[in-house]
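# What the coordinates show
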Amino acid sequence: MSTASAYLTVSGIDVDVIYKNIKNLHIAVYPPLGRVRVAAPERLDDETIRLAVVQRLPWIKKQREQLRNAVRQTEREMVTGESHYVWGKRYRLKVINEPGRIRFDVAGKRLTVHAPKDSTAGKRREAMDEWYRTALKHEIAELIAKWQPIVGRSVAKCTVRRMKTKWGSCNRESAHIWLNLELGKKHPNCLEYIVVHEMTHLLERNHNDHFTELMDTFLPDWRARRDELNTAPLRNEIWGK
Ligand SMILES: [Zn+2]
C-alpha cells in the first residue's frame, strides 16, 4: 500500500501532507528551498491541518529565512576540489585556466571548468547557471513534448529561473510554466515530477483530492520523486568529507 499523502496550500505556502499512524501532528521545513511537510495522524481533516500550519507560520517563515541565509553563506568559490551536483550526480570541480569563453565539460567523476585566470567566482557561477539553464531547457522541451498528449493540455511557454521557495509554478490562464534553475542539480526524475506537477495545474488549479488523483494517474511514483527532491544533499559539501 502506498503512503497516504496530500497537498495543501496555506497562506500561499505549499504544504506536503503525509498521513501516518501517529498521535501528534509534526511540521518540518526542509532544505534547500524550505519545503514544508506535515506528518499528520490518519483521518485528521484538512481544516485542522490548515489551522496547525497557520499557527506555526511565524516559525515556518523563520526557518525558511535561516535556510536562505545558509545558502547565501555557502556560495561556491568555483575552485578546484569543490563538489557540484549535475543531474543528481556528484562531481569534483577542476579549474583549467585558459583564455576565452568560460565553458564546462563532464567526464567520469570530474566537472571541468575552462576559464580565464582572472575570471571572478561570480563570473564562473554565472557561466555555470547558463550551462545548467541550457541543459534544463533541452530536457524540458522533451518532457513537455512527451507529457502534452498524456495530460491533454499544451504548455505555451516555459521559463527557467532562480526561485527562492518553489521548484516550479504555473499560470493556468496563459499556460506559462516556471521551473527552478536548481533542478539542474537533481536527478532527471525530479525534473519530470515537477514538469508533470505544473502541467497538472493546467487541469486543476488547487492542491486538492482531484489534483492528487490526477498525479496518481499520470505518475504513480510521484511521492518517491518528491521525497528525493526534498531530501537531496545540501550544496555546501566539500569533496571527500
Ligand atoms: Zn502545485
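Data block above holds the structure.
Now for a description of the structure that goes with this document. (Residues numbered from 1 in each chain as written. Predicted model: local features only at pLDDT ≥ 70, side-chain atom pairs only at ≥ 80, totals over all residues.)

## Looking at the pairing of strand β6 (residues 89-97)
The line we're drawing: One requirement defines pairing of two strands: DSSP has to find at least two bridges between them. Under the scheme used here, helices are H or I runs from DSSP no shorter than 4 residues and strands are E runs no shorter than 2 residues, and both carry numbers assigned from the N terminus.
As judged from the 4 bridges shared by strand β5 (residues 83-86) and β6, these two strands associate in the antiparallel manner. Counted as the bridge partner of Val86 is Lys89 from β6. In textbook terms, the turn of a hairpin is the stretch between consecutive antiparallel strands, and for β5 and β6 this stretch comprises 2 residues, one of which, Trp87, has a positive phi near 50°. Taken together, the 6 bridges between β6 and strand β8 (residues 110-115) define a ladder with parallel strand orientation.

## Focus: the pairing of strand β1 (residues 5-10)
Here is the key point about a regular strand: its side chains alternate between the two faces of the sheet. The sheet contact formed by β1 and strand β2 (residues 13-20) spans 6 bridges and is antiparallel. Paired with Tyr7 across the strands is Asp16, a residue of β2. Between the end of β1 and the start of β2, which pair antiparallel, lie 2 residues, with Ser11 showing a positive phi angle near 50°.

## Structural notes on the nonpolar core
Across soluble globular proteins, nonpolar side chains have a tendency to be buried as a group. Note the cut-off: Each nonpolar core reported here comprises buried Ala, Val, Leu, Ile, Met, Phe, Trp, Tyr and Cys residues connected via C-beta atoms within 7 Å. Buried residues are those with 20 or more other C-beta atoms within 10 Å of their own C-beta, exposed residues have 12 or fewer, and partly exposed residues lie in between; C-beta atoms are placed from the backbone. Contact criterion: two residues are in contact if their C-beta atoms, reconstructed from the backbone, are within 7 Å.
The biggest cluster of nonpolar side chains holds 23 residues, and the ones touching the most others in it are Leu179, Leu183, Tyr193, Ile194 and Val195. At the level of secondary structure, the elements contributing two or more residues to this core comprise α3 (121-151), β9 (157-161), β11 (176-180), α4 (188-200) and α6 (222-230). Element by element, the count of residues in this core is highest for α4, at 7 residues. Those residues in contact with Leu183, other than ones at most four positions away along the chain, are Leu136, Trp167, Cys190, Leu191 and Ile194. Counting residues in each nonpolar core, the second largest holds 9 residues, with Val17, Val36, Ile49 and Ile60 among its members.

## A few points about α3
Basically, it comes down to this: A helix is expected to span 1.5 Å for every residue after the first.
In this model, α3 (31 residues) spans 42 Å end to end at C-alpha, consistent with the 45 Å of a helix rising 1.5 Å per residue. Within α3, the full set of buried residues consists of Arg124, Met128, Leu136, Ile140 and Trp147. For α3, the elements touching its buried residues are β7 (103-107), β8, β9, β11 and α4. Immediately beyond the C-terminal end of α3, within one or two residues, lies Gly152, with a positive phi of roughly 85°.

## Brief notes about the sheet that holds β9
For clarity, the threshold we go by: For helices, the fitted axis covers only the stretch in contact; all axes are lines through C-alpha atoms, and the angles between them, taken along N-to-C directions, range from 0 to 180 degrees.
Pairing is mixed across the open sheet formed by 3 strands, whose spatial order is β9-β11-β10. Every interior strand has two partners, whereas the edge strands, β9 and β10 (168-171), have only one. With direction set aside, neighbouring strand axes in the sheet form an average angle of 15°. Judged from the 5 bridges that link them, β9 and β11 form a sheet pairing that is parallel. Bridging across to β11, Cys158 finds its partner in Ile177. Strand contacts of α3: β9 and β11, with the helix running at about 150° to β9, the strand carrying the most contacts.

## A few points about the environment of Ile140
Topologically, Ile140 is positioned in helix α3. Along the primary structure Ile140 and Thr159 are separated by 19 residues, whereas in three dimensions their C-alpha atoms are 9.9 Å apart. Among all residues touching Ile140, those that are not within four sequence positions of it are Cys158, Leu179 and Val195.

None of this, on its own, says anything about what the molecule does.
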